[in-house]
Amino acid sequence: MVGYDPEAKCVSTAEAAVAGSASGFVTRVLVSPLDVIKIRFQLQIEQLSSKTPGAKYHGILQAVQRILQEEGVLAFWKGHVPAQFLSVGYGAVQFMAFESLTKLVHNVTSYNARDSFVHFVCGGLAACTATVAVQPVDTLRTRFAAQGEPKMYHNLRHAVVTMYQTEGPRTFYRGLTPTIIAVFPYAGFQFSFYNILQQFSEWMIPPEGRERGNVKNLVCGSCAGIISKTLTYPFDLIKKRLQVGGFEHARAAFGQVRMYRGLLDCMRQIMREEGPGGFFKGLSPSLLKAAVSTGVIFFSYELFCGLLCALKNTDSTGRKEG
């Protein structure tokens, strides 16, 4: 049901946006703790090892214990309000754009809208559109998740006003270039691999076993998320480093901080000081998050689309009987 299917004209563009918003909301609640840990790992200059002097975080379990001790359980949902705005808005725009683009491909080109290459291109373009729309909220979410104690930003309104007054409006789009560079292949791989895995599962699973479609959607989405994240992870790390530029004093409690003049300078400093492995800091929680979030987002999107279709069919049946 992900992508335009001329044989199953069930979900409209508006309904795709509703289903995308709902799936984004559900996914964000579940993956927020992993996201906080991932961001903390990405922003740490020191190596993620207990043998490194000054390293605040060494691994996932140690990070969980330390955050619980120092900041409490609610720290795992730091920045959850802007993160929910991000997820709901992103999900709506992404799936609405994806459904519209695949429908456009079907109507004006000779390509098959169900082709994996079409899903790669349309998925990447849809994600870029959604990214530009929600980038300011993503920057706010990163700032909230990254700040320690005492907090620099007391609430969402205070963060917006402070950032605007002290750093200007362009600060809300910090890291946009690497985000766009990374999000196109990442989302493209997500949609294309999800499509490939769905087709593969149809070939592998006998007809009598296909009634468990929801489990299949979850597994296919999780695998697609792991593959996509591994291939594009360095750009996600660079984006996070750039988004906290001008925010260094609020991160003093977390260890060393760096100032970057842009994308290339950030890449040079990471390579010089941290080596190639520096581009993959936080990969473990990121892969775990990618598996959960991508699996849940496709699972819940398909589920909500199915519910909307069922409601429409029920209404149409009721009208005919009436």
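You'll find the protein entered in an unreviewed UniProt entry as Mitochondrial thiamine pyrophosphate carrier, with Penelope pileata given as the organism. Note on the protein: under the UniProt heading Subcellular location (unreviewed entry), the record states "Mitochondrion membrane".

### Points about the confidence of the model for the protein
Chain-level pLDDT for the protein is 85 on average; 89% of the residues reach the 70-or-more range. Ranking the elements of the protein by mean pLDDT puts helix α9 (residues 283-321) last with 83 and helix α2 (residues 60-71) first with 91.

### Comments concerning the side chain of S201
Relative to the elements of secondary structure, S201 occurs in helix α6 (residues 176-204). With a relative accessible area of 8%, S201 lands in the buried category. Excluding residues that lie within four positions of it along the chain, S201 makes contacts with K216 and C220.

### Side note on α2
One full turn of an α-helix is made of 3.6 residues, so residues set three or four places apart face in the same direction. Taking 1.5 Å of rise per residue, the 12 residues of α2 would be expected to cover 16 Å, and the 16 Å separating its terminal C-alpha atoms lies within 8% of that figure. For α2, the set of buried residues is Q62, A63, I67 and E71. Buried positions in α2, seen along its axis, are confined to an arc of 125° and lie on one side of it. Along α2, the residues that are exposed and aim more than 90 degrees away from the buried face are L61, Q65 and Q69. Considering only its buried residues, α2 is in contact with α1 (13-43). One or two residues past the end of α2 sits G72, with phi positive at roughly 90°.

### Re the state of the cysteines
In this structure the tally under the stated criterion is zero disulfides. Here C223 stays free of any disulfide, with the sulfur of C220 as its closest cysteine sulfur at 6.9 Å. Under the relative-accessibility criterion, C223 is labelled partly exposed at 33%.

Rules behind the numbers
- Residues numbered from 1 in each chain as written.
- Predicted model: local features only at pLDDT ≥ 70, side-chain atom pairs only at ≥ 80, totals over all residues.
- Heavy atoms only, no water.
- UniProt positions renumbered as here; feature names shortened; annotations may be inferred.
- pLDDT = per-residue confidence, 0-100.
- Helix = DSSP H or I, 4+ residues; strand = E, 2+ residues; numbered from the N terminus.
- Buried < 20%, exposed > 50% of the residue type's maximum accessible area, 1.4 Å probe, protein only.
- Contact = heavy atoms within 4.5 Å.
- Expected span 1.5 Å × (residues − 1).
- Arc of directions from axis to C-beta.
- Disulfide = S-S within 2.5 Å.

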